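Take a look at the letters that make up each chain.
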Amino acid sequence: MTTASPPPEDAPGQTNDPVAAEADQERAEERSRSGAGTDGSHGQVDGSHGQVDDRSGAGRPDDAVPAAAGAVTPGPGPEGESPAREDRAIVTVPEDDAILEPVPEVVDTRTGMFGIQGTGDTSGYGGLVRRIEMPRASRAPYGGWFDAVAEGLDGALADGGIAWDDAIESVLVDRGEITFFVRRHALLEVCRRLRDEADLRFEFCGGVSGVHYPEDLGRELHAVYHLLSITHNRRIRLVATCPDADPHVPSVVSVYPTNDWHERETFDFFGIVFDGHPALTRIQMPDDWPGHPQRKDYPLGGIPVEFKGATIPPPDQRRAYS
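These notes cover the structure that comes with them.

Each value, and the rule that gives it
Residues numbered from 1 in each chain as written. Predicted model: local features only at pLDDT ≥ 70, side-chain atom pairs only at ≥ 80, totals over all residues. Heavy atoms only, no water. Helix = DSSP H or I, 4+ residues; strand = E, 2+ residues; numbered from the N terminus. Buried < 20%, exposed > 50% of the residue type's maximum accessible area, 1.4 Å probe, protein only. Lys, Arg positive; Asp, Glu negative; His and termini not counted. Salt bridge = Lys/Arg side-chain N within 4 Å of Asp/Glu carboxyl O. Polar contact = N/O pair within 3.5 Å; in protein donor to acceptor, adjacent residues only side chain to side chain. Contact = heavy atoms within 4.5 Å. Core = buried A, V, L, I, M, F, W, Y, C linked by side-chain atoms within 4.5 Å. Arc of directions from axis to C-beta. Pairing = 2+ DSSP bridges. Phe/Tyr/Trp six-rings, centres within 6.5 Å; stacked < 30°, edge-to-face > 60°. Lys NZ or Arg CZ within 6 Å of the ring centre and 35° of its normal.

**Details of the side chain of Arg264**
Item 1. As for its placement among the helices and strands, Arg264 is situated in helix H6 (residues 259-270).
Item 2. Here Arg264 is buried and forms no salt bridge, its nearest opposite-charge partner Asp260 lying at an N-O distance of 5.1 Å.
Item 3. Of the polar contacts made by the side chain of Arg264, one reaches the backbone oxygen of Thr281; its length is 3.2 Å.
Item 4. Filtering out sequence-adjacent residues up to four positions away, Arg264 remains in contact with His277, Ala279, Leu280, Thr281, Arg282 and Ile283.

Dropping the structure here:
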């Protein structure tokens, strides 16, 4: 009589169950992928050992990596979720001479559209969340011809007995453009020197536009000027700010005459008063129109359309239906 021998035990990592074998295979592939490592410009991650090679202390465990100044460690993901394994493991240590980009200043966080507060937004934008960020000032050197313009303006102001800090509040280089934030009392002198100085020669001003930042306390209204040097083929931007409580900026019509109509339009829509303008009156709205329509705090209005006895209020006054 032949006795059936018991089936051989599975070798480590092997199984006769096809479903379990497939699961083991998937786990093996996952371990292989995670152990492949990630080679970046500042460090290498060895997923199979959980170690970080920072080019100076290869093979040290994660908890032995010293925290360097300026080190960036990714934080939690959206809504408190943990980042991916690769993100948690990588510790970016910039070089000693690396220049860290300034973090933008968040002046406000807006939700929805049309300034809805306290009730549902029936416009369909109720889930929209936007951070209002203002780039921080840049430090010299600014790069390329930006430095030549800054140095030329500094010299021209010095020749007139005006200190740089008394005329220029800050300089911003962002997205390949340079902006000079000019103290409003010095705006006219800065424009005159930008136009007349041979090394600058910004002969043309494309106008002035208004911007209203209600959250930028003490400087809610911005007057923005775009200048062009036809001689040197260069473009720069000037910004002069003023508070809501004192919305006055000097007129530059005496330097750039074509700003006549632009200053009237900015006054009309934003309420910035350009002192010294030859005839500062509204240009589009009626003279007796209340307020300035392009300010953020201006009522949205709305036409009271009647439909079977009902009216349609403006978006910021509509109630929610959910």
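So that's the structure; there's more coming.
**Overview of the nonpolar core**
Within soluble globular proteins, side chains that are nonpolar tend to cluster in buried spots.
Item 1. Core analysis: the biggest nonpolar cluster contains 38 residues, and Phe180, Leu187, Val190, Leu194, Tyr225, Ile236 and Leu238 have the highest contact counts within it.
Item 2. Breaking this core down by element, the ones donating at least two residues are helix H3 (145-159), strand E7 (168-174), strand E8 (177-182), helix H5 (187-196), strand E9 (204-212), strand E10 (221-229), strand E11 (234-242) and H6.
Item 3. Considering every element that reaches this core, the biggest residue donor is H3, with 5 residues.
Item 4. Residues in contact with Leu238, not counting those within four places in the same chain, are Phe180, Val182, Leu187, Cys191, Leu194, Ala223, Val224, Tyr225 and Leu227.

**A word on H5**
Item 1. Every buried residue of H5 is accounted for by Leu187, Val190, Cys191, Arg193 and Leu194. Angularly, the buried residues of H5 cover 165 degrees about the axis, an arc narrow enough to put them on a single face.

**Regarding the pairing of E10**
Regular strands show a simple pattern: their side chains alternate between the two faces of the sheet.
Item 1. Burial analysis of E10 places 8 of its 9 residues in the buried class, which makes it a mostly covered element.
Item 2. Taken together, the 7 bridges between E9 and E10 define a ladder with antiparallel strand orientation. Bridge pairing in E10 places Cys205 opposite Leu227.
Item 3. Pairing analysis gives 9 bridges linking E10 to E11, with the strands arranged antiparallel. Its bridge partner being in E11, His222 is matched across the sheet by Thr241.
Item 4. Linking E10 to E11, which pair antiparallel, is a turn of 4 residues; within it Asn233 sits at a positive phi near 55 degrees.

**Some details on the packing of aromatic side chains**
Each aromatic ring pair is specified by the distance between its two centres and by the angle formed by the two planes.
Item 1. Inspection of the entire model under this criterion finds 2 aromatic pairs.
Item 2. Measuring from ring centre to ring centre gives 4.6 Å for Trp145 and Phe146, while their planes differ by 80 degrees; the resulting arrangement is edge-to-face.
Item 3. Classification of Trp145 by relative accessible area gives partly exposed; the value is 29%.
Item 4. For Phe146, a relative accessible area of 10% gives the class buried.
Item 5. Judged by centre distance (6.4 Å) and plane angle (75 degrees), the ring pair of Trp164 and Phe180 falls under edge-to-face. Of this pair, Trp164 sits in helix H4 (residues 164-167) while Phe180 sits in strand E8, and the two are 16 residues apart along the sequence.
Item 6. Positioned above the aromatic ring of Tyr213, the side-chain terminus of Lys296 is 5.9 Å from the ring centre.

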